[in-house]
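Commentary on secondary and tertiary structure
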Amino acid sequence: DVTVVSIFVNPTQFGPQEDFKKYPRDLDKDSAYLREAGVDCLFHPDASDVYPPGYRTTVEVQGLQDRLCGKSRPGHFRGVATVVHKLFNIVSPDLAFFGAKDAQQVKIIERMAADLDLAVEVVTCPLVREADGLALSSRNAYLGPEERRTALVLSRSLRWAEKAVAAGERDAAARVAGIRSAIEAEPLARIDYVEAVDPETLEPVAEVRGGVLVALAVFIGPTRLIDNIRLRV
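These lines cover the structure that appears in this document, whether it is placed above or below. All figures in this text were calculated on a predicted structure; none of them were measured in a lab.

Some thoughts on a nonpolar patch on the surface
The grouping of V2, V4, I90 and V91 at the surface amounts to a nonpolar patch, some 320 Å² of accessible area in total. With respect to the helices, strands and loops of the structure, I90 is situated in helix α4 (residues 76-91).

A look at helix α5 (residues 103-115)
Over its 13 residues, α5 extends 18 Å from the first C-alpha to the last, a length consistent with the 18 Å expected when each residue adds 1.5 Å. If you check which residues of α5 are buried, you get A103, Q104, Q105, V106, K107, I108, I109, M112 and A113. The secondary structure elements touched by the buried residues of α5 are α3 (69-72), α4, β3 (95-99), β4 (121-125), β6 (211-220) and β7 (223-232).

Description of the pairing of β4
Two strands pair when backbone bridges link them, and β3 and β4 are joined in this way by five bridges, in the parallel orientation. From the neighbouring strand, F98 faces β4, where its bridge partner is T124. In the classification by handedness, the crossover that spans β3, the intervening α5 and the parallel β4 is right-handed.

Some remarks on unusual backbone geometry
Here the phi dihedral of S92 falls at roughly 55°; this positive angle occurs in a residue that is not glycine. As for its position among the elements, S92 is in the loop between α4 and β3.

Examining the environment of R190
In this fold, R190 is placed in strand β5 (residues 189-197). Sequence separation of R190 and F219 is 29 residues, and the distance between their C-alpha atoms is 5.0 Å. Not counting residues within four places of it along the chain, the set of residues in contact with R190 comprises V218 and F219.

Describing the environment of P24
The residue P24 is located in the loop between β1 (4-6) and α1 (27-37) in this model. Through-space distance from the C-alpha of P24 to that of A141 is 7.4 Å; in sequence the pair is 117 residues apart. In contact with P24, other than residues within four places in its own chain, are S138, A141 and Y142.

Describing the packing of helix α6 (residues 145-166) against helix α7 (residues 172-184)
The N-to-C vectors of α6 and α7 enclose an angle of 150°; their axes lie 9 Å apart at closest approach. Of the possible angle classes, the one that applies to α6 and α7 is roughly antiparallel. In the packing of α6 onto α7, the handedness of the crossing is right-handed. Here V153, S157, L158, W160, A161, A164 and V165 of α6 lie close against α7, whose contacting residues are A174, R175, G178, I179, A182 and I183.

Describing the sheet that holds β6
A sheet is described by the order of its strands in space; here three strands give the open sequence β5-β6-β7, paired in antiparallel fashion. Both edges of this open sheet fall to β5 and β7, since each of them pairs with a single strand only. Neighbour to neighbour, the strand axes of the sheet diverge by 15° on average, direction disregarded. Taken together, the 10 bridges between β6 and β7 define a ladder with antiparallel strand orientation. Bridged to A215 within β7 is N228. Together, β5 and β6 form the strand contacts of α7, whose direction differs from that of β5 by roughly 165°.

Rules of the game
Residues numbered from 1 in each chain as written. Predicted model: local features only at pLDDT ≥ 70, side-chain atom pairs only at ≥ 80, totals over all residues. Heavy atoms only, no water. Patch = residues over 30% accessible without salt bridge, like charges linked within 9 Å, V, L, I, M, F, W, Y side chains within 5 Å. Areas by Shrake-Rupley, 256 points an atom, 1.4 Å probe, with all protein chains shown as cover. Salt bridge = Lys/Arg side-chain N within 4 Å of Asp/Glu carboxyl O. Helix = DSSP H or I, 4+ residues; strand = E, 2+ residues; numbered from the N terminus. Expected span 1.5 Å × (residues − 1). Buried < 20%, exposed > 50% of the residue type's maximum accessible area, 1.4 Å probe, protein only. Contact = heavy atoms within 4.5 Å. Pairing = 2+ DSSP bridges. Right-handed = clockwise from strand over helix to strand, strands pointing away. Axes fitted to C-alpha atoms, helices over the stretch in contact; angles between N-to-C directions. Parallel < 35°, antiparallel > 145°, perpendicular 65-115°, else oblique. Left-handed = near helix turned anticlockwise from the far one by under 90°.

This is the structure:
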């Protein structure tokens, strides 16, 4: 088997006021990690190769792309779906691996692959956290020491919801309200959204039954972070 990793900061999924130009990039460090992991090929194209002059075609997954992060980042998932479709066509993988932290992104890519009959199996990898619970993210590099401490409220509030459900609570709105209250108590935090949704449709749910995705996006200072947890009954 051959393992290909793509590293491409995709300009079409960033809005005009977002952090495309300053988004963390460290190709040498990433390359060393990949060599250590035994990766066979690193695909690191230029934007001009992916989107040559005259490029006009996009891919959209309607409905799923307009919820959660899509509400506050219009066009973001159009850029995601388009570039992932292109990467699939270029690399022709049998399996493609995506992290569970970007739960909406994974669902959109799964739907795109199924709807367009792409010959690839999309595999979701577990969400990875630091020892203190903070979800790994390139944007964590933006956080100062006090912001880094504040950011722990994301995982802490999600764990609170998980424990409440394990104890028998089933009111999804109450879990969302509790998470919002914990985050709003932090002066450096500003909520973009906190929602409990069906993990397949991303539609809001009123009751925790079967599986429910609780997803959130929060600004810690100027840095927007996302996190989520699956609540299962």
